[in-house]
Amino acid sequence: MKRILKILAIIVGVLIVIAIAIPFFIDANTFRPTLETDLTTALGRPVKVGNLSLSLFSGSVSADDISIADDPAFSKSAFVQAKSLKVGVEMMPLIFSKQLNVTELTLNQPEISLVRSENSEKWNFSSLGGNNKSATQPAASSGNPNLSVAKLNVNNGRLTVSRAGSEEKPHVYDKVNIEVTTFSFTSSFPFKMTAQLPADGSLKLDGKAGPINADNAAETPLEAKVTIQKMNLAASGFIDPAAGISGIADYEGTVTSDGHQAKTEGKLTATNLQVVKKGSPAGKPVQVTYSVVHDLAKQTGTIPQCEIAMGKAVAHMTGTYDAHGKVTSVNLKVSGQGMPVDDLEAILPAVGVILPPKATLKGGTLATTMTIAGPVDKLVTVGNVKLENSTLANFNLGSKLSAISALSGKSTGNDTTIQNFSSDVRVAPEGTKADNINLNVPQIGVVTGGGTVSPANELAFKMNAAVGGMGIPFAVSGTTSDPKFVPDVKGIATGLLKGLGQGNANQQNPVNNVMGLFKKKPQ
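Keep in mind that what you see is a predicted model, and the values were worked out from it rather than measured. Each chain carries its own residue numbering, running from 1 in the written order of its sequence. Selection of residues for local features in this predicted model requires a pLDDT of at least 70, selection of side-chain atom pairs for listing and counting requires 80 or more, and totals for whole chains, interfaces and linings are taken over all residues. Calculated side-chain values reflect all of the structure's heavy atoms, with hydrogen atoms and water omitted.

Engineer: Would you explain the overall build of the protein chain in this entry?
Structural biologist: Strands here are runs of E lasting at least two residues and helices are runs of H or I lasting at least four, both read from the DSSP assignment and numbered beginning at the N terminus. Summing up its helical and strand segments, the protein chain has eight helices and 28 strands in all. A total of 523 residues make up the protein chain; the buried ones form 40% of that total. When the accessible surface of the protein chain is summed, it comes to about 27,700 Å², and 57% of that surface belongs to carbon and sulfur atoms. Buried, partly exposed and exposed residues are distinguished by accessible area as a fraction of the type maximum, computed with a 1.4 Å probe on protein chains only: under 20%, between the cut-offs, and over 50%, respectively. Accessible surface is estimated by sampling points in the Shrake-Rupley manner with a 1.4 Å probe; for residues, cover comes only from the protein chains shown.

Engineer: Honestly, the environment of Arg163 in this entry has me stumped. Any pointers?
Structural biologist: Relative to the helices and strands, Arg163 is located in strand S9 (residues 148–163). Once the C-alpha coordinates of Arg163 and Trp123 are considered, the two residues, 40 residues apart in sequence, prove to be 9.0 Å apart. A polar atom in the side chain of Arg163 sits 3.5 Å from the backbone oxygen of His324. Whenever two N or O atoms come within 3.5 Å, that pair is a polar contact, provided that in protein one can donate a hydrogen and the other can accept it, and provided that, for residues adjacent in sequence, both atoms are side-chain atoms.

Engineer: Explanation requested: the pairing of S9 in the structure shown.
Structural biologist: It is a general feature of regular strands that their side chains alternate between the two faces of the sheet. Two strands pair under a simple rule: DSSP has to find at least two bridges between them. Pairing geometry for strand S8 (residues 111–116) and S9, over six bridges, is parallel. Counted as the bridge partner of Ile112 is Leu159 from S9. Bridge count between S9 and strand S10 (residues 171–184): ten bridges; the pairing is antiparallel. Along S10, the bridge assignment pairs Asn153 with Glu179.

Engineer: Looking at this structure, how should I read the packing of aromatic side chains?
Structural biologist: Aromatic ring pairs are reported here in terms of the distance separating the ring centres and the angle at which the planes meet. A pair of Phe, Tyr and Trp rings is counted when the ring centres sit within 6.5 Å of each other, with Trp represented by its six-membered ring. The angle between the planes then sorts it: under 30 degrees is stacked, over 60 is edge-to-face, the rest tilted. Taken as a whole, this structure holds five aromatic pairs when the rule is applied. An aromatic cluster of three or more residues is present, and its members are Phe183, Phe185 and Phe189. When the ring centre of Phe79 is taken as origin, the NZ or CZ atom of Arg45, which lies over that ring, is 5.3 Å away. In this scheme, Lys NZ or Arg CZ marks a charge over a ring once it lies within 6 Å of the ring centre and within 35 degrees of the ring normal.

Engineer: Before we go on, may I ask you to explain the nonpolar core in this structure?
Structural biologist: Nonpolar side chains in soluble globular proteins tend to be buried together. Within this scheme, the nonpolar core is defined by two criteria: the residues are buried Ala, Val, Leu, Ile, Met, Phe, Trp, Tyr or Cys, and they are joined through side-chain atoms within 4.5 Å. Counting residues in hydrophobic clusters, the biggest one holds 98 residues, and the most contacted among them are Leu39, Val49, Ile66, Leu85 and Phe461. Looking at this core element by element, the count peaks at five residues for strand S11 (residues 189–197).

Engineer: How should the pattern of salt bridges be read in this particular structure?
Structural biologist: Oppositely charged side chains are able to pair whenever their charged atoms sit close together. A side-chain nitrogen of Lys or Arg and a carboxyl oxygen of Asp or Glu constitute a salt bridge if their distance falls within 4 Å. Counted according to the given criterion, the structure contains six salt bridges. In this structure, Asp70 engages Arg45 in a salt bridge whose closest nitrogen and oxygen atoms are separated by 4.0 Å. A residue pair is termed long-range when its members are at least 10 positions apart, and Asp70 in the loop between strand S4 (66–69) and strand S5 (78–82) and Arg45 in the loop between helix H2 (32–43) and strand S1 (47–49) qualify at 25 residues. In this structure, the salt-bridge partner of Arg158 is Asp174, at a minimum N-O distance of 2.6 Å. On the criterion of sequence distance, the pair formed by Arg158 in strand S9 and Asp174 in strand S10 is long-range, its members being 16 residues apart.

Engineer: Hey, could you run me through unusual backbone geometry in this one?
Structural biologist: Going from Gly210 to Pro211, the amide bond is cis rather than trans, its omega being 0°. Mapped onto the elements, Pro211 comes out in the loop between strand S12 (201–209) and strand S13 (222–232). Not every positive phi belongs to a glycine, and Gln109 is a case in point at roughly 50°. With respect to the helices, strands and loops of the structure, Gln109 is situated in the loop between strand S7 (102–108) and S8. Given the relative accessible area of 38%, Gln109 is considered partly exposed. The phi dihedral of Asn394 is positive, around 65°, even though this residue is not glycine.

Engineer: How should I be thinking about the environment of Asp343 in this particular structure?
Structural biologist: Inspection of the secondary structure puts Asp343 in helix H4 (residues 341–344). On the basis of relative accessibility, which here comes to 17%, the residue Asp343 falls in the buried class. As for Asp343 and Gly311, which are separated by 32 residues in sequence, their C-alpha atoms are 5.6 Å apart. The contacts of Asp343, once residues within four sequence positions are left out, are Lys284, Met310, Gly311, Lys312 and Ala313. Here a residue-residue contact requires only that any non-hydrogen atoms of the pair lie within 4.5 Å.

Engineer: Whenever I open this one, the pairing of strand S23 (residues 416–428) confuses me. Can you help?
Structural biologist: Pairing between strand S22 (residues 380–393) and S23: eleven bridges, direction antiparallel. Each residue of the ladder has a partner; that of Leu392, found in S23, is Thr416. Bridge analysis of S23 against strand S24 (residues 431–441) gives eight bridges, and the strand direction is antiparallel. Opposite Val425, over in S24, you have Ala434 as the bridge partner. Two successive antiparallel strands, S23 and S24, enclose a turn made up of two residues.

Engineer: Mind showing me how you'd approach the confidence of the model for the protein chain here?
Structural biologist: Atom-level detail of predicted coordinates should not be read off regions where pLDDT is low. Values of pLDDT, the confidence the predictor places in each residue, fall between 0 and 100. Across the protein chain, the average pLDDT comes to 80, with 77% of residues at 70 or higher. pLDDT under 50 marks residues 5–26. Its contacts with residues more than four places away, or in other chains, come to nine contacts. The model gives residues 516–523 a pLDDT under 50, and that stretch makes 19 contacts with residues more than four places away or in other chains.

Engineer: Teacher, can you tell me more about a nonpolar patch on the surface here?
Structural biologist: Together, Val275, Val276, Val351 and Val353 line one region of the surface with nonpolar side chains, adding up to about 240 Å² of accessible area. Its place among the elements puts Val275 in the loop between strand S15 (261–274) and strand S16 (286–295). In this analysis, a patch consists of residues with relative accessible area above 30% that form no salt bridge, clustered at 9 Å for like charges and at 5 Å for the nonpolar side chains Val, Leu, Ile, Met, Phe, Trp and Tyr.

Engineer: It is not clear to me how the environment of Asp65 should be interpreted in this structure. Could you clarify?
Structural biologist: Looking at where Asp65 falls in the secondary structure, it is placed in the loop between strand S3 (60–63) and S4. Overall, the relative accessible area of 35% leaves Asp65 in the partly exposed class. Put simply, Asp65 and Lys83 are 18 residues apart on the chain and 4.5 Å apart in space, counted from C-alpha to C-alpha. Other than its neighbours up to four places away in sequence, Asp65 contacts Lys48, Val49, Gly50, Ala82, Lys83 and Ser84.

Engineer: Mind showing me how you'd approach H2 here?
Structural biologist: Take the residue count of a helix, subtract one, and multiply by 1.5 Å to get its expected span. Relative to the 16 Å expected for twelve residues at 1.5 Å per residue, H2 spans 16 Å between its end C-alpha atoms, a close match to the ideal helical length. The set of residues buried in H2 consists of Leu35, Glu36, Leu39, Thr40 and Ala42. Projected onto a plane normal to the axis of H2, the buried residues spread over an arc of 165° and lie on a single side. Gly44 occupies a position one or two residues after H2 and carries a positive phi of about 70°. Picture the helix axis, draw a direction to every C-beta atom, and the arc is the one those directions span.

Engineer: Explanation requested: the side chain of Ser291 in the structure shown.
Structural biologist: Examined against the element boundaries, Ser291 turns out to sit in strand S16. Overall, Ser291 belongs to the buried group, its relative accessible area being 14%.

Here it is as structure tokens:
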């Protein structure tokens, strides 16, 4: 028995010695030309591999570094630059026949550069796997290369996404990890991907892709579940920065692509949402439930369904967009009916609506129908707004219009009750225009008119208050946070001129009455 154990120990020892010695007898670098040629042929790009070393115990060949050339139409720098490449191989053919049969590829700490063309028609990875003239390969062939790998991994990579000819800062995604099993250019394969988004958000994809489109890798079929947490909307790269949208969002959804048309749907919950550049963050979370159909070739899409909700206030949006140019253009329709003001009040700052200090809208409902069109950095919004049975708390409009409130003979109090308000509005880069304003404040009367709000929130309105059988014109200047109400002296005098000289001698001058109520001396 002892003799048998000694023999086994000797055999094991010999095997260990052989395992240790084999790497010294097999120069792994002799396989470098084969490995470079196989990868170059498969990717359609020149591939350079550094010094190779063989590890018999792990059954792999490792390279110190690797670089994959970019599409020459984009740049002469590397598309992928990795610190190391680990190649899993079948050891028996390698040892006895010196054949390199690859079973696994692992890129460690790669720097990957994704660049979109200036006209948005293609990416620098679109030609991967195709017949790229920049790649030196034995012979031109049509279709995908006949290459399959059991495992394909990317560990701790960095992904940089940019656009050719753009002054916009590239978007960088760190800690990129990709796991692909049963990879093949010619069939579907499952994959998982995780990444750290800019500003510490996280991205997770789980699905399948393939077969690789030989003519345009960007049009490869894809199905995946997408999970995003703490995404910074302004820095994420998923939204055109020209839109001025910011906030932190969580997202759950799916994406499906047949290589020509991509469909995505899901739910996004945003906190601190800001919709316009000059706005401020919303005070409550906003939920967006949507579906989008995107044409990959034309870089255009439709939004057949989108619901924007804050509490019980829900607005519906449909429309189209065109991301083909440097700046995305949209043509959208937004409508909301019977939306509770109490739920909407917190989002007003996000859309650039500024109320006077300490003033808040309470109660009632809001209805609106809008069209939003143009490039996202120069949007024009046209539509109407209707507000019913609401209160502008902590703002006494009567004290600003003392003449009107006095003529009505009613006490206005510290709040302004709004029975009805309606207006046609147009919001554009040059400012906001409000026409056909009709405001019914029971303590005062009916106020009509129109005017503008400049990009600096400066007011220029001409209004008329109908109260006590009189029409009292006045102007509104100042800013949205500090409005100034000024009587139109000329207009008042013209309206009351006929009253001068009528009645008995003891009757007070009606102009003096009105001007006194405005707390201004008659002119």
